[in-house]
Amino acid sequence: MGIPRNWRLRNQRYRLVGSQCPQCQNLFFPPRQVCPHCYNSELSEFVFSGKGSVYSFTVLYQTTPKFEFQIPYIVALIDLNEGPRITAQLTDVDAEEVRIGMPVEMVVRKISEENERGLIHYGYKFRPIAFPESE
Amino acid sequence: MDSILKTQRDIGIVGYGSYVPRYRLPAAAIAEVWKGRVDQAVLPVREKSVPGPDEDTVTMAIEAGQNALCRAGVSPQQIRAVWVGSESHPYAVKPSGTIVAEALGITPNVNAADFEFACKAGTEAMQAAFGFVGSGMGDYALAVAVDTAQGRPGDALEYTAAAGGAAFVIGPAEQSVAILEASYSYVTDTPDFFRRAHQLYPEHGHRFTGEPAYFHHIIQAARRLLDGLGRQPSDYAAAVFHQPNSKFPQKVAQELGFCNEQIRAGLLAPHIGNTYAGASPLGLTAVLDEAQPGQRILMVSFGSGAGSDAMSFIVSEHIEARRRLAPLTRMYLQREKTVNYTQYARWRKKIVLH
């Protein structure tokens, strides 16, 4: 990911900033410019809570060099509590511990590094709820 | 001359938060690899925390900062400074503070900077925040103390070099869970431990890191603050000292006249090792998790090079309600998964590929 794109997406990647259509109330992540349901082009910012559940997942053993430092890692489809389904890595969990429907929460982690000299990309991952007793 | 530091207006810790990674490496596992045997009597800690492959000072600072903001109940947009103290900033040039501030929703009306002073970088950020808020430049500042410490494979430091830290929202005394009475800084040029530019691991002066460095600076800082305030060790319910291992903080407490019960809650090194800049601030969060209104807490950091920051707090009635708003430090300590030396060596990039 180039420097401008990393910068442009920082609010999405650090804080799950999406968008909402004020007319039909639909929520979007990543954010959209135009509502695909009612074609309203005046969408407002919406910050998701970061809470959700695992819809499905897979374990990656073969990947590009940028991600080799974390093999094996888990990529999941996450249903955010507010509605949208997104793709994200799971962290702080072993593959055999993951279950479909498992409640998860967003954390900011290192996604990849360009190389030893390049930019470090931070962004959202999801982990099992760390402290369910305090939920 | 009165050398203790007092702010123009009364301030304190409005919110605090901690973070410790999930993974642990037993000290015995390191001894097995490098010594071929395990002598439990000489191991400096039982186990140490290890960051996952996707964790660094920035990611840990963000979670500790989120917890501190939750407890403070302050809008991120009210924070006027984000200062991150660490000796393991991911970039040599590019502030960790900007990433942390952006991720916490604090930008753009904020001052951001990184502090470096070995293991006291975090309390240095706190001292700066005391001055910033105490002078009225801003109502709130976020001071973060976090490290992913480096230890050369096989070196004595590898047994203890750990990861974790704490964050503090510093603000007005009337909103604080712990009100600052005064602080003090004691600094000399004492080269007990250092890492040159472009080097992966630090060098240290072995036994020289003890008496002229750790013990001298902590004892001087603690005594001068107590003298300046006219207090005795018995005035404090709890004391936290920098904890590079299990033994040093217990010995320095004894020399200063504190008993084991006073340092119990804040002594985390036996369980997670030395979190460097995070060590004494993380201990302070564990003390605040148990503290009662009216109690006094003393914290004294130590950073190689060398210096100590000493701080005296009085716990307020806000502590009871506020501490429940984020995970307690012991919850992070209990969230543990043991890794083996091979996994740790790979994650911490100790296996060099040519």
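Residues numbered from 1 in each chain as written. Chains lettered and ligands numbered in written order. Predicted model: local features only at pLDDT ≥ 70, side-chain atom pairs only at ≥ 80, totals over all residues. Heavy atoms only, no water.

**Quick notes on the interface of chain B and chain A**
Phase 1 of the analysis: Tallying the contact residues gives 25 residues for chain B and 29 residues for chain A.
Phase 2 of the analysis: Surface buried jointly by chain B and chain A totals about 2,200 Å² across both partners, of which 50% is contributed by carbon and sulfur atoms.
Phase 3 of the analysis: Per-residue buried area on chain B facing chain A is highest for Asp54, Tyr91 and Glu102 of chain B; these three make up 24% of the total on that side.
Phase 4 of the analysis: Here arginine 109 of chain A ties to glutamate 55 of chain B by a salt bridge, and the two come within 3.3 Å at their closest N and O atoms.
Phase 5 of the analysis: The tally of links between chain B and chain A comes to 17 residue pairs in polar contact (both at pLDDT 80 or more).
Phase 6 of the analysis: Secondary structure elements with two or more residues in the side of chain B that touches chain A: helix 2 (57-72), helix 3 (96-103) and helix 11 (329-334) of chain B.
Phase 7 of the analysis: Here the side of chain B that touches chain A takes 4 residues from helix 2 of chain B, the largest share from any one element.
Phase 8 of the analysis: By residue class, the composition of the side of chain B that touches chain A is 13 nonpolar, 2 polar and 10 charged. (Contact = heavy atoms within 4.5 Å. Buried area = accessible area lost by both parts, 1.4 Å probe. Salt bridge = Lys/Arg side-chain N within 4 Å of Asp/Glu carboxyl O. Polar contact = N/O pair within 3.5 Å; in protein donor to acceptor, adjacent residues only side chain to side chain. Helix = DSSP H or I, 4+ residues; strand = E, 2+ residues; numbered from the N terminus. Nonpolar A, V, L, I, M, F, W, Y, C, P; charged D, E, K, R; others polar.)

**Some details on helix 2 of chain B**
Residue and element names in this part refer to chain B.
Phase 1 of the analysis: Taking 1.5 Å per residue as the helical rise, helix 2 with its 16 residues ought to reach 22 Å, and the 22 Å between its terminal C-alpha atoms agrees with that figure.
Phase 2 of the analysis: In terms of residue burial, helix 2 counts as a mostly covered element, since 14 of its 16 residues are buried.
Phase 3 of the analysis: Looking at where helix 2 begins, the residue whose side-chain oxygen comes 2.9 Å from the main-chain nitrogen of valine 58 is aspartate 56.
Phase 4 of the analysis: At the C-terminal side of helix 2, glycine 73 shows a positive phi close to 65°. (Expected span 1.5 Å × (residues − 1). Buried < 20%, exposed > 50% of the residue type's maximum accessible area, 1.4 Å probe, protein only.)

**Quick notes on the packing of aromatic side chains**
Phase 1 of the analysis: In this structure the tally under the stated criterion is 19 aromatic pairs over all chains.
Phase 2 of the analysis: Relative to tyrosine 332 of chain B, the ring of tyrosine 19 of chain B has its centre 5.4 Å away and its plane inclined at 70°; by these criteria the two rings are edge-to-face. With tyrosine 19 of chain B in strand 1 (residues 11-19) and tyrosine 332 of chain B in helix 11, the pair connects residues that are 313 residues apart, well separated along the chain. No difference in accessibility class separates tyrosine 19 of chain B from tyrosine 332 of chain B, as the two residues are buried.
Phase 3 of the analysis: With 5.2 Å between their ring centres and 65° between their planes, tyrosine 341 of chain B and tyrosine 344 of chain B make a pair best called edge-to-face. Residue tyrosine 341 of chain B and its partner tyrosine 344 of chain B are both found in helix 12 (residues 341-347); the two are separated by 3 residues, about one turn of the helix. Comparing tyrosine 341 of chain B with tyrosine 344 of chain B, the two get one shared label, buried.
Phase 4 of the analysis: Among the aromatic residues, ring-to-ring pairing joins Phe29, Phe46, Phe48, Tyr124 and Phe126 of chain A into one connected group.
Phase 5 of the analysis: A cation sits over an aromatic face here: arginine 71 of chain B above tyrosine 16 of chain B, 4.1 Å from the ring centre.
Phase 6 of the analysis: Taking NZ or CZ as reference, lysine 251 of chain B lies 4.8 Å from the ring centre of phenylalanine 215 of chain B, over its face. (Phe/Tyr/Trp six-rings, centres within 6.5 Å; stacked < 30°, edge-to-face > 60°. Lys NZ or Arg CZ within 6 Å of the ring centre and 35° of its normal.)

**Topic: the nonpolar core**
Phase 1 of the analysis: Grouped together as the largest cluster of nonpolar side chains are 95 residues, with contacts concentrated most on Ile78, Leu90 and Phe126 of chain A together with Ile13, Leu142 and Phe313 of chain B.
Phase 2 of the analysis: Top element by residues in this core is helix 2 of chain B. It accounts for 8 residues.
Phase 3 of the analysis: Two domains share this core, each providing at least three of its residues, namely domain 1 (11-177 + 329-347) and domain 2 (181-320) of chain B. (Core = buried A, V, L, I, M, F, W, Y, C linked by side-chain atoms within 4.5 Å. Domains from an automatic or database assignment.)

**Focus: the sheet that holds strand 14 (residues 337-338) of chain B**
Residues and elements named next belong to chain B.
Phase 1 of the analysis: Taken in spatial order, the 3 strands line up as 3-2-14 in an open sheet, and their pairing is mixed. Two strands close off the open sheet at either side, each with one partner strand: strand 3 (47-50) and strand 14.
Phase 2 of the analysis: Examined bridge by bridge, strand 2 (residues 23-26) and strand 14 share 2 bridges and lie parallel to one another. Note on strand 14: the bridge partner recorded for tyrosine 23 is lysine 337.
Phase 3 of the analysis: With respect to the sheet, helix 1 (residues 27-35) is in contact with strand 2 and strand 3, its orientation differing from that of strand 2 by roughly 50°. (Pairing = 2+ DSSP bridges. Axes fitted to C-alpha atoms, helices over the stretch in contact; angles between N-to-C directions.)

**Quick look at the environment of isoleucine 74 of chain A**
All names here are of chain A.
Phase 1 of the analysis: When you line up the elements, isoleucine 74 lands in strand 5 (residues 73-80).
Phase 2 of the analysis: Taking relative accessible area as the criterion, isoleucine 74 reaches 4% and is therefore assigned buried.
Phase 3 of the analysis: Sequence spacing of isoleucine 74 and leucine 60 is 14 residues, and the spatial spacing of their C-alpha atoms is 6.1 Å.
Phase 4 of the analysis: Discounting chain neighbours no more than four positions away, the residues touching isoleucine 74 are Phe57, Thr58, Val59, Ala88, Gln89, Leu90, Val93, Asp94, Ala95 and Val98.

**Quick notes on the sheet that holds strand 6 (residues 140-148) of chain B**
All names here are of chain B.
Phase 1 of the analysis: Taken together, the 9 strands give an open sheet; going across it, the order is 5-4-6-7-1-8-13-12-11, and neighbouring strands pair in mixed fashion. Bordering the open sheet on either side are strand 5 (111-115) and strand 11 (238-241), each of which pairs with just one other strand. Going from strand to strand, the sheet's axes swing by 20° on average, the running direction of each strand aside.
Phase 2 of the analysis: Direction of pairing for strand 6 relative to strand 7 (residues 163-172): antiparallel, over a ladder of 8 bridges. If you follow valine 146 over to strand 7, its bridge partner there is glycine 165.
Phase 3 of the analysis: Helix 9 (residues 279-288) contacts strand 1, strand 6, strand 7, strand 8 (178-190), strand 11, strand 12 (296-300) and strand 13 (305-315) of the sheet and is inclined by roughly 100° relative to strand 1.

**Some words on the domain arrangement of chain B**
Residue and element names in this part refer to chain B.
Phase 1 of the analysis: According to the domain assignment, chain B consists of domain 1 (11-177 + 329-347) and domain 2 (181-320).
Phase 2 of the analysis: Each of domain 1 and domain 2 was reduced to a C-alpha centroid, and the two centroids are 16 Å apart.
Phase 3 of the analysis: Listed by partner, the interface residues are 53 residues for domain 1 and 50 residues for domain 2.
Phase 4 of the analysis: Summed over both sides, the interface of domain 1 with domain 2 buries roughly 3,800 Å², with 62% coming from carbon and sulfur.
Phase 5 of the analysis: On inspection of domain 1 and its partner domain 2, the count reaches 3 salt bridges.
Phase 6 of the analysis: Put simply, arginine 152 and glutamate 203 hold a salt bridge, and the shortest N to O gap is 2.8 Å.
Phase 7 of the analysis: Only strand 1, strand 3, helix 4 (121-134), strand 6, strand 7 and helix 11 provide two or more residues apiece to the side of domain 1 that touches domain 2.

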